[in-house]
Each structure stands twice: as C-alpha cells, then as structure tokens.
Amino acid sequence: MAEDISEFVLTLSCADRPGIVAAVTTELAAIGANISESNQFWDRGSNKFFMRIAVQAPGTVQRDDIERVLKPAVDRFEIMMGVTDAQRKPKIVIMVSKFDHAMLHILYQIRVNWLNAEVVAIVSNHEDARRTAELENIPFHHLPVTKDNKAEQEAKIVELVKETGADLVVLARYMQILSDKLSTRLYGKVINIHHSFLPSFKGAKPYHQAHERGVKIIGATAHYVTPDLDEGPIIEQETERVTHVMTPDDLVATGRDIESRVLARAVKLHLENRVMLNGRKTVVFAA
C-alpha cells in the first residue's frame, strides 16, 4: 500500500535578511517534509522577500504541525505566513450579470480539471444565469440591486461567502460596482475582469467606442477588487492586435475570448496560492 502523503503550500513574506530560506527549509526537513516546488523573489525597492513553497510530508503531518515547527523562524524573521492544504478543493462564488462568457469558461475549465475548484454558488442581479446554474447543479441566488437595496443585497453576499466557506469571489462580468465597505471587507478575496484599452473607454459599449477610435490593440485585465474602481493589484493581463477591417462585433467577440482566458488564469493562479500582495502590486509565481 502506498504511503499516505500530506501536501501543503506555504506562502511567506517579510523584510529580507540572510538565513530565511535556511531556517524554514531546515525545520521542514526535520518533520520529513520534502520540497516539491520552490519560488522566491526579493523586491529591491521595498527590501521585501517573498517565497512560495509546495511540500509533501508524511500523512501524519497536519497543518498545525507545519505552523508549530515554523513558529521560531516566523517569530525570528517576523514572517507573514500562510499554510494551505493542497489536497483540499477550494470553493468559489461566481457573480455574473447578463454576459456569461467568462463564467461559462470557468465552469468548463473546472469540468476538464484544469481548474481545481468547487463552485458553491452563482450570484446574479439578473435571471439569465439561472438555467446554467441548474444544469450544473449549482445553487443560484438572484439578488437584483437598486440604489435603495444595495447595502442589503451586499450583506447577503457576505453572509453567503461565510455560509459556504468560499475562498474566492469571482466577478465574471458582474456589472455592479461593489461598495467600498464590501471591497474592503473581502480585500484579496475578490477578482474582477474588465476590458483594457489604450486609451481607456468607459461607459456603454466600450468595444464600439474602440472601433470608432480605430484602436489597434485590445485586451483584458484581471485584478483584485479594491475601493478604487478598477485600480486594484493586477494579477493577469493579455492583449491582442486588431485591424481596421474588423467590425465592432468582431472586437466584441475577440474581447470575450480574451476576458475569459485572462480571468480563468487569474483564478487558477490565486487558487494555487501563486499570487502574493505587495502593496499596490502583486508577486505572481508562475507554474
């Protein structure tokens, strides 16, 4: 019979000093943990050190054991540390309005096991996504938003995240602006996707505006949500060249594809604990 194995992902950040890696890896080796992947980065500007380690350990080793043996190093170097059970399937809540392409792409990537996640709820301010939720056997929550009930509906979202134990909220083209209160409360746990143009086109029909201005590049940005609209730390981006022969509908179609891909990659990076916040920026450790 194969030996039981525990798998964990550790994320660590602190002021850079000699001896951090040695202190951490020595203690891990002492409990029989083997490092299967290691990434590190020193931000010279802030003198901050970031590290992500994936480890395999005997099946008897639990998360508490990891935290216990590393406590001396954590205290000594004043490390901010996260320990995640890599064998636990992360839970996500998807929020969507009428445009469902990004949501459908995430659901497909979960179905084919490229994304390791469980969608515990789909939330929408419209009824359009209900049929998809029913087909996928995912609880659907219709929460229409008006200026009079916004606070009440957002309170329901917070409660839903708490009840389901969701690790992440994904705004898959959810066309409502989250309040400062909600954005702050769930900081680092909400990812949004939006179109990226140069110049930036805001308001209705951005791809049509882009077509009228003759843009040559369109793209998308996935980022963490903050009270500063569309200015949260960026996780993933992609651009694609377009030409004058393309119609507004061609740009919309191209944009849908880019948005779907970028959001799915950002979600994957987050769920695998490959994204670490560094002030207004992120450190992203690719696989």
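None of these values were measured; they are calculated from a predicted model.

Draft legend 1. Main features of a negative patch on the surface. There is a patch of like negative charges on the surface, built from D180, D228, D230 and E231. Its place among the elements puts D230 in the loop between strand 10 (217-224) and strand 11 (234-241). Take D230: its relative accessible area is 36%, and that puts it in the partly exposed class.

Draft legend 2. Spatial organisation of the layout of surface pockets. Of the pockets and cavities examined, the largest pocket occupies roughly 1,100 Å³. Taken together, 46 residues line the largest pocket, and the ones lying closest to its centre are M175, I193, H194, H195 and D230. Listing elements by their share of the lining of the largest pocket, those giving two or more residues are helix 6 (180-185), strand 9 (190-197), helix 7 (206-213), strand 10, strand 11 and helix 8 (248-271). Counted by class, the lining of the largest pocket contains 20 nonpolar, 16 polar and 10 charged residues. Approximately 970 Å³ is the volume found for the second largest pocket. Lining the second largest pocket are 32 residues, with T84, H270, L271, E272 and N273 sitting closest to its centre. Where the lining of the second largest pocket is concerned, the elements lending two or more residues are strand 1 (5-15), strand 3 (48-58), strand 4 (80-85), helix 8 and strand 12 (275-278).

Draft legend 3. Quick look at the packing of helix 7 against helix 8. Interaxial distance between helix 7 and helix 8 falls to 9 Å at its minimum, and their mutual angle equals 125°. One element, helix 7, and the other, helix 8, form an angle in the oblique class. Here helix 7 and helix 8 pass one another in a crossing that is right-handed. The segment helix 7 lies against helix 8, with Y207, H208, A210 and H211 engaging P248, D249, L251, V252, G255 and E259. Here the residues of the contact of helix 7 with helix 8 sort into 5 nonpolar, 3 polar and 2 charged.

Draft legend 4. Representation of the pattern of salt bridges in the model. Applying the stated criterion across every chain yields a total of 16 salt bridges. Across the salt bridge formed by E236 and R265, the nearest N and O atoms sit 2.8 Å from each other. Placement of E236 in strand 11 and of R265 in helix 8 is noted, with a sequence separation of 29 residues between them. In this structure, the salt-bridge partner of R261 is E240, at a minimum N-O distance of 3.7 Å. Here E240 lies in strand 11 and R261 lies in helix 8, a separation of 21 residues in the sequence. Given a relative accessible area of 28%, R261 falls into the partly exposed group. Here the salt bridges do not stand alone but share partners, grouping E37, R52, K268, E272 and R274 into one network.

Draft legend 5. Structural context of the side chain of R52. Assignment of secondary structure puts R52 in strand 3. The class of R52 is buried, set by a relative accessible area of 3%. A distance of 2.8 Å separates a polar side-chain atom of R52 from the backbone oxygen of E272. Within polar-contact distance, the side chain of R52 engages the backbone oxygen of N273 at 3.2 Å. Residues in contact with R52, not counting those within four places in the same chain, are V9, L10, T11, E37, S38, N39, E272, N273, R274 and F285.

Draft legend 6. Just the pairing of strand 6 (residues 118-124), in detail. Buried residues dominate strand 6, accounting for 6 of its 7 residues. Bridging between strand 5 (residues 91-96) and strand 6 involves 6 bridges; their strand directions are parallel. Across the sheet, the residue bridging to V96 is S124, located in strand 6. Where the polypeptide runs from strand 5 across helix 3 (residues 101-111) and back to strand 6, its parallel neighbour, the crossover connection is right-handed. When strand 6 meets strand 7 (residues 140-142), the two strands line up parallel, connected through 3 bridges. Pairing of V123 across the sheet is with H141, part of strand 7. Considered for its hand, the β-α-β crossover made up of strand 6, helix 4 (residues 130-135) and strand 7 is right-handed.

Rules of the game
- Each residue is numbered by its place in its chain's sequence as written, counting from 1.
- Thresholds applied to this predicted model are a pLDDT of at least 70 for local features of residues and 80 or more for the giving and counting of side-chain atom pairs; totals over whole chains, interfaces and linings are not thresholded and use all residues.
- Hydrogen atoms and water are omitted, and side-chain values are computed over all heavy atoms in the structure.
- Like-charged residues are merged into a patch within 9 Å and nonpolar side chains (Val, Leu, Ile, Met, Phe, Trp, Tyr) within 5 Å, provided each residue has over 30% relative accessible area and no salt bridge.
- Per-residue and other accessible areas follow the Shrake-Rupley method at a 1.4 Å probe size, with only the shown protein chains counted as cover for residues.
- Just to be clear on terms, a salt bridge is a Lys or Arg side-chain nitrogen sitting within 4 Å of an Asp or Glu carboxyl oxygen.
- Counted as positive: Lys and Arg. Counted as negative: Asp and Glu, with His and the chain ends omitted from the count.
- Lysine's charge is taken at NZ, arginine's at CZ, aspartate's at CG and glutamate's at CD.
- Where helices and strands are cited, they refer to DSSP runs of H or I of at least four residues and of E of at least two residues respectively, numbered from the N terminus.
- Buried means the residue's accessible area, taken with a 1.4 Å probe over protein chains only, is under 20% of the maximum for its type, while exposed means over 50%, and partly exposed covers the values in between.
- Cavity and pocket criteria rest on a 1 Å grid covering protein atoms alone: a 1.4 Å probe that fits but cannot get out defines a cavity, protein on both sides within 12 Å along at least 5 of 7 lines defines an open pocket, and an atom within 4 Å of a point defines a lining residue.
- Grid points are joined across faces, edges and corners, and a volume is the space filled by probe spheres set on the points.
- Polar here means any residue outside two lists: the nonpolar Ala, Val, Leu, Ile, Met, Phe, Trp, Tyr, Cys and Pro, and the charged Asp, Glu, Lys and Arg; Gly therefore counts as polar.
- Axes here refer to lines fitted to C-alpha atoms; in helices the fit is confined to the stretch in contact. Angles between the N-to-C directions go from 0 to 180 degrees.
- Any angle from 65 to 115 degrees is called roughly perpendicular, while one under 35 is roughly parallel, one over 145 is roughly antiparallel, and all others are oblique.
- Working rule for handedness: look at the near helix, and if it is turned counterclockwise from the far one by less than a right angle, call the crossing left-handed; if clockwise, right-handed.
- It only takes one pair of heavy atoms within 4.5 Å for two residues to be counted as in contact.
- What qualifies as a polar contact is a pair of N or O atoms within 3.5 Å, subject to a donor-acceptor requirement within protein and to the restriction that residues adjacent in sequence count only when both atoms come from side chains.
- Two strands are counted as paired when DSSP detects at least two bridges linking them.
- If the strands point away from the viewer and the path from the first strand over the helix to the second runs clockwise, then the crossover is right-handed.

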